[in-house]
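Spelled out, the chains give:
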Amino acid sequence: MLRRRILQLSAALLPFSLTARATTSIVLSAQDQADIVRIQDYLNGLKTLKAHFLQVAGDGGVSQGTAWLQRPGRMRFQYDPPSPFLLIAAYGVLTFHDSALQQTTNIGLGRTPLGILLAKHVELSGHGVTVTSIQHVPGQIQLTLVRTNSPGDGSLTLIFSDPPLSLRQWTVVDAQRRETHVTLYNIQLGGSFDPQLFEQISPPAAKQG
């Protein structure tokens, strides 16, 4: 039941399944390749971020709260009441806590879309992650990514304002074609966070993949 609630209410942070399928290849122009390098450099240069977020699930459910990201490997999504949810990434694990049910579950961060953003070094070269689409609209770049070994089971679309390049939104499409949108606003970059923000409810015994 808890895993089902995670899938329904927090799909933007959840794992793609691991069934291998063929990666869809696209032809990248010189400008596309340059923009992918810019995005990769931007993400690798992003060390700390605090923002409010608005999350819209595929069933129309809306929730919001405050997000803290500290690269590499740390994140906290604190949902505003009446939502009982809390998501924390640390120690290579994404921890999901439902205070209403007093239940906690752990998922390997490397199996989640946010694992791409929180990696020590973001690499969009097609080894672990493959770019399947890049779109340019006035003032915006949209980049869609899949796990190279399981492209048919989910995608992550990062949406940046440009110029200047700045992460503003992401969308996850899961294996059942359900979409979840997360929009960041009131973004603050830089600074340091209290380490206790990333202390997990139930610390895992060991890192997971």
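Everything numeric in this text was worked out from a predicted model, so none of it was measured. Every residue gets a number counted from 1 within its own chain, in the order that chain's sequence is written. Totals for whole chains, interfaces and linings use every residue, but because this is a predicted model, local features are given only for residues with pLDDT of at least 70 and side-chain atom pairs only at 80 or more, for both listing and counting. Side-chain descriptors were evaluated using all non-hydrogen atoms of the structure, hydrogens and water having been removed beforehand.

Colleague: So what about the pairing of strand β4 (residues 85-90)? Which residues, and what values?
Modeller: Throughout, exposure labels follow a simple rule: accessible area from a 1.4 Å probe, protein chains only, divided by the maximum for the residue type, with under 20% read as buried, over 50% as exposed, and the rest as partly exposed. A helix here means a DSSP run of H or I that spans at least four residues, while a strand means a run of E at least two residues long, and both kinds are numbered starting from the N terminus. Of all the six residues making up β4, six are buried; the element is thus mostly covered by neighbouring parts of the structure. Side-chain alternation along β4 places F85, L87 and A89 on one buried face and L86, I88 and A90 on a second face that is also buried. Remark: five residues form the turn of the hairpin made by strand β3 (residues 74-79) and β4, two consecutive strands paired antiparallel. Two strands are counted as paired when DSSP detects at least two bridges linking them. Pairing between β4 and strand β5 (residues 93-98): six bridges, direction antiparallel. Bridge pairing links A90 to V93 in β5. The loop that links β4 with its antiparallel partner β5 comprises two residues; one of these, Y91, has a positive phi angle of about 60°.

Colleague: Lay out the side chain of D32 with the relevant residues and their values.
Modeller: Looking at the secondary structure, you find D32 in helix α2 (residues 30-45). Buried within the structure, D32 lacks any salt-bridge partner; R38 is the closest side chain of opposite charge, at an N-O distance of 9.7 Å. Here a residue-residue contact requires only that any non-hydrogen atoms of the pair lie within 4.5 Å. Setting aside residues no more than four positions away along its own chain, D32 makes contact with V27, I134 and H136. Under the counting rule used here, the positive set is Lys and Arg, the negative set is Asp and Glu, and His together with the chain ends is not counted. Criterion for a salt bridge: a side-chain nitrogen of Lys or Arg within 4 Å of a carboxyl oxygen of Asp or Glu.

Colleague: Provide a residue-level description of the pattern of salt bridges, including the pertinent values.
Modeller: A full pass over the atoms with the stated rule returns two salt bridges. Measuring nitrogen to oxygen at the nearest pair gives 3.0 Å for the salt bridge that ties R38 to D35. One end of the pair is R38 and the other is D35, both in helix α2 and three residues apart, which spans about a single turn. Looking at R38, the relative accessible area reads 34%, which means it is partly exposed. One salt bridge connects D162 with R38, and the closest N-O pair in it is separated by 3.0 Å. Pair noted here: D162 is in the loop between β9 (154-161) and β10 (166-174) and R38 is in helix α2, with a separation of 124 residues, a long-range link. Residue classification places D162 among the buried positions, given a relative accessible area of 17%. Here the residues in one salt-bridge network are D35, R38 and D162, joined through shared partners.

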